[in-house]
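Structural overview for review
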Amino acid sequence: MKYVISIMAFVFVSPVLCNAQTSVFGKWKTIDDETGDPKSIVEIYKKEDKVYGKIIRLFRNGDEDPDPICDLCPKNDSRYGQKIIGMEIIKNLEKDGKEYANGTVLKPDEGKIFKCKIWLEKDKLKIRGYWGIFYRTQTWIKAN
């Protein structure tokens, strides 16, 4: 009887555990792919059937402005001159299979906007920014 209960528990609980994977939604710690240092916390969320991401925290050195503005953003972009904390840097991603694609990502410290897509690899978020045929991929980790 214990054997039958164990099998039944496995059959009913396994699908739940398999679907309990990490979602792209939530808070992610961005990691500088050149230095390995944490740069910010970005919250990924859904709005009007699209996926967005905004910076909710910056990790700054003592000599850096703790609450900077985006003075390098394109002047014709609504984010120009706005505070980086609270800024939407990921916009308009759409579900495309296991990825979210066809949106843009802003790199506020350079003021550049790239086409982008995001996806999960195990418990890490991959974000790839495109400029023409060139691209760069970062790995972000789940923030607590």
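It should be emphasised that the depicted structure is a prediction, and the values quoted were computed from it without experimental measurement. Numbers given to residues run from 1 along each chain, matching the order in which its sequence is written. The predicted nature of this model means local features are confined to residues of pLDDT at least 70 and side-chain atom pairs, given and counted, to a pLDDT of 80 or more, with totals for whole chains, interfaces and linings taken over all residues. The side-chain values count all of the structure's non-hydrogen atoms but skip hydrogen atoms and water molecules.

**Points about the packing of aromatic side chains**
- Ring pairs shown here join Phe, Tyr and Trp side chains whose ring centres sit within 6.5 Å, with only the six-membered ring taken for Trp; geometry is labelled stacked below 30 degrees between planes, edge-to-face above 60, and tilted in between. As enumerated under the stated definition, the model contains three aromatic pairs in all.
- Aromatic pair Y45 and Y52: ring centres 6.3 Å apart, planes at 20°, arrangement stacked. An identical accessibility class is assigned to Y45 and Y52; each is buried.
- The ring of Y45 has K54 lying over it, and the distance from NZ or CZ to the ring centre is 5.8 Å.
- Counted as over-ring charges are cases with an Arg CZ or a Lys NZ within 6 Å of the ring centre that also lie within 35 degrees of the ring normal. If you follow K117 out to its NZ or CZ, it ends over the ring of W119, 5.4 Å from the centre. To sort residues, take the accessible area from a 1.4 Å probe on protein chains only and compare it with the maximum for the residue type: under 20% means buried, over 50% means exposed, and anything in between is partly exposed.

**Observations concerning the sheet that holds strand β1 (residues 26-31)**
- The strand order around the closed barrel formed by eight strands is β1-β2-β3-β4-β5-β6-β7-β8, and the pairing between neighbours is antiparallel. Between one strand axis and the next, the sheet turns through 35° on average, direction left out of account.
- Pairing analysis gives five bridges linking strand β4 (residues 88-96) to strand β5 (residues 99-107), with the strands arranged antiparallel. Paired with K95 across the two strands is Y100, which belongs to β5. Strands are labelled as partners when DSSP assigns at least two bridges between them. The helix and strand labels rest on DSSP assignments: H or I over at least four residues marks a helix, E over at least two residues marks a strand, and numbering proceeds from the N terminus. The convention used is that axes are lines fitted to C-alpha atoms, helices contributing only their stretch in contact, and that angles between N-to-C directions extend from 0 to 180 degrees.

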